[in-house]
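Next come the chains, spelled out residue by residue.
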Protein chains: 2
Amino acid sequence: MTAPNLLATQNISEREKLIFDATERLLGKFGYDKTTVADIAKEAGISKGAIYLHFKSKDDLIERLLIHAMLGFSANWFGAIEADPQGGLIGNMYLNMLKVIDQTPLMAVIMRQDGAILGNYLKKKDNFFVKNQRQGMRHEFVAMMQAAGAIRQDLDPKVVAHIMDMISFGMVTIAEFVPTEQIPPTDEVIKGIADFMHRALTPEQGADSETGKRILRQLYAEAQKDFLAAQQADAAQKES
Amino acid sequence: MTAPNLLATQNISEREKLIFDATERLLGKFGYDKTTVADIAKEAGISKGAIYLHFKSKDDLIERLLIHAMLGFSANWFGAIEADPQGGLIGNMYLNMLKVIDQTPLMAVIMRQDGAILGNYLKKKDNFFVKNQRQGMRHEFVAMMQAAGAIRQDLDPKVVAHIMDMISFGMVTIAEFVPTEQIPPTDEVIKGIADFMHRALTPEQGADSETGKRILRQLYAEAQKDFLAAQQADAAQKES
DNA sequence: AATTGACCAGTTTTGCATTTTTGGTCATAT
DNA sequence: ATATGACCAAAAATGCAAAACTGGTCAATT
């Protein structure tokens, strides 16, 4: 009973994995600005030129690393939701999300768009987050969930999106901050937040687990389609 | 049945109020760095020299403005808690806090230590927040509440402080972000957070309202004592 | 006694030339 | 095919002097 792979994980060669791992280590320690391509090559134990056999540029490497982390996170998250009988409920979705964050530390960086780590990369006008229109996606997400009956329809999607943002931020912060020894109280806090989200956002009649799963499935499919289209458009633009 | 004034509001002359108001307006619009003393004088309709008849320096003005806002906020907050039969319960304390934030917009700036508004002021090594040791105070606060039985004693005060921080941040964000027309859903969200705080942090036996009020009263008294001591020490240092 | 605004010293900003670093390439080697 | 690292152009960091700004003062004024 394995979780279905709605978003295929990126095809990664042994070499690319090596480079990704080295980059992730250095990124965590020194951040984007202070991590040079030469550093990455040295950390990975290969030559600088070798990196350019696999990646078009430093930014291409960074972005594919972020995408790699996101896809891994998504697949694991959805797997956890599928395995959980109540996984489609909003509160539980967040609970499962938190469980999976630990396995992909870069996810916290992505979610928080961490300035300390991403540095000047965030200032580039065509950066990953601008290109993927993080803001717009969120509204769509909420609107779809409302249309499907998983979120009360009398709430302004903007407000709901903001609340989800805030809660995500808080959970990521907790996941980063609270040491493992403190798990029991953390767990209680997380459950509290999850409960709150469930009560505040779910319609009275309650959204059943299947609805949540269906929406998530659809969302991922759309996201993948958009993503591929954007990548192709990007590639096409670079050729001209 | 008026609320007792545990922290006396600052003694402010007509002129100082005029300057405070002008400063607050400009601070909100342009922030600390781009608000010059000349600007403030112009906005207040007085001369630059007149400002120095009331304040030792620009920073003295800013700090006394922040203190003014905090004292006003504290007095109003405590008043709201006193007037509320359940005001001593942690969740309700937060609810009451939120109600009062609207009346003192600068409070949001203070709570978030807003870099966009406070700018370089925050970088000064002897800034308001460093001087008043915001971090230390918070731990004391939690420890006192735990000692008094208002917060479960099996939780690490550091974790609890962090959670309260996060919740405060979230509530302030909501208060700042959500437009007035959206009050109904906002209200529900706030109640959700308040409930969560109550459930997660209050001991099973429950802290009664009086306990909360007593702790708050004590805290304010201590804060005032510390504050005056710090101010005197500061003044003494500047004479030498 | 209260207020003003020209004035000043110290700081910040700007413009620019020089040096250093870094992303990316490619002739050469394996 | 795959990989290397010396090499280069572009970008970033550094140093510095001139110009502009700003916090704070104080002799003159009301």
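As the structure is a prediction and not an experimental result, all values here were calculated from the model.

J.: Quick question: what am I supposed to make of the environment of A:T36 here?
T.: Checked against the element boundaries, A:T36 lands in the loop between α1 (14–34) and α2 (37–44). Residues A:T36 and A:K58, 22 residues apart in the sequence, show an inter-C-alpha distance of 8.4 Å.

J.: Please explain the packing of helix α1 (residues 14–34) of chain B against helix α4 (residues 58–83) of chain B as it appears in this structure.
T.: Describing two packed helices takes the angle between their axes plus the distance from one axis to the other. Residue and element names in this part refer to chain B. As a packed pair, α1 and α4 sit with axes 10 Å apart at the nearest point and diverge in direction by 95°. Our classification of the angle between α1 and α4 gives roughly perpendicular. Side by side, α1 and α4 meet where E16, I19, F20, T23, E24, L27 and Y32 of the first sit next to K58, D59, L61, I62, R64, L65 and H68 of the second. Here the residues of the contact of α1 with α4 sort into seven nonpolar, two polar and five charged.

J.: Looking at this structure, how should I read the side chain of B:T23?
T.: Mapped onto the fold, B:T23 is located in helix α1. Look at B:T23 and you get buried, because its relative accessible area is 0%.

J.: For this particular structure, what's the right way to read the protein's contact with DNA strand C?
T.: DNA strand C sits among 13 residues. The nearest are A:V37, A:K48, A:K58, B:R15 and B:S47. Close to the protein, within 4 Å, the atoms of DNA strand C are drawn from sugar and phosphate at a rate of 62%. A distance of 2.7 Å is found between a phosphate oxygen of DNA strand C and a side-chain nitrogen or oxygen belonging to B:R15. For DNA strand C, a phosphate oxygen lies 2.8 Å from a polar atom in the side chain of B:S47. Those elements that place two or more of their residues in the surface near DNA strand C are α3 (48–54) of chain A together with α3 (48–54) of chain B. By residue number, the principal contributor to the surface near DNA strand C is α3(B), which donates three residues.

J.: Whenever I open this one, the packing of α1(B) against helix α2 (residues 37–44) of chain B confuses me. Can you help?
T.: Residues and elements named next belong to chain B. With their axes 9 Å apart at the nearest point, α1 and α2 run at an angle of 140° to one another. What the angle tells us is that α1 and α2 run oblique. When you trace α1 past α2, the crossing you get is right-handed. In contact with L18, I19, A22, T23, R25, L26 and K34 of α1, α2 contributes D39, I40, E43 and A44. Classifying every residue of the contact of α1 with α2 gives six nonpolar, one polar and four charged.

Cut-offs applied
Per-chain numbering applies: the sequence of each chain, read as written, is numbered from 1 onward. Lettering of chains starts at A and numbering of ligands starts at 1, both following the order in which they are written. The model is predicted, so local features are restricted to residues of pLDDT at least 70 and side-chain atom pairs to those at 80 or more, both for listing and for counting; the totals for chains, interfaces and linings are taken over all residues. Hydrogen atoms and water are omitted, and side-chain values are computed over all heavy atoms in the structure. Numbered from the N terminus, helices here are DSSP runs of H or I no shorter than four residues, and strands are runs of E no shorter than two. A fitted line through C-alpha atoms serves as each axis, taken over the contacting stretch for helices, and the angle formed by two N-to-C directions is quoted from 0 to 180°. Angle categories: roughly parallel below 35 degrees, roughly antiparallel above 145, roughly perpendicular from 65 to 115, and oblique for all the rest. Residue contacts are defined here by distance: any two heavy atoms, one from each residue, within 4.5 Å place the two residues in contact. Classes in brief: Ala, Val, Leu, Ile, Met, Phe, Trp, Tyr, Cys and Pro nonpolar; Asp, Glu, Lys and Arg charged; the others, Gly included, polar. When accessible area is computed with a 1.4 Å probe and restricted to protein chains, residues below 20% of their type maximum are described as buried, those above 50% as exposed, and intermediate ones as partly exposed. The nearness test applies per residue and asks whether one of its heavy atoms lies within 4 Å of the molecule or strand. What qualifies as a polar contact is a pair of N or O atoms within 3.5 Å, subject to a donor-acceptor requirement within protein and to the restriction that residues adjacent in sequence count only when both atoms come from side chains. In a left-handed crossing the near helix is turned counterclockwise from the far helix by less than a right angle, and in a right-handed crossing that turn is clockwise.

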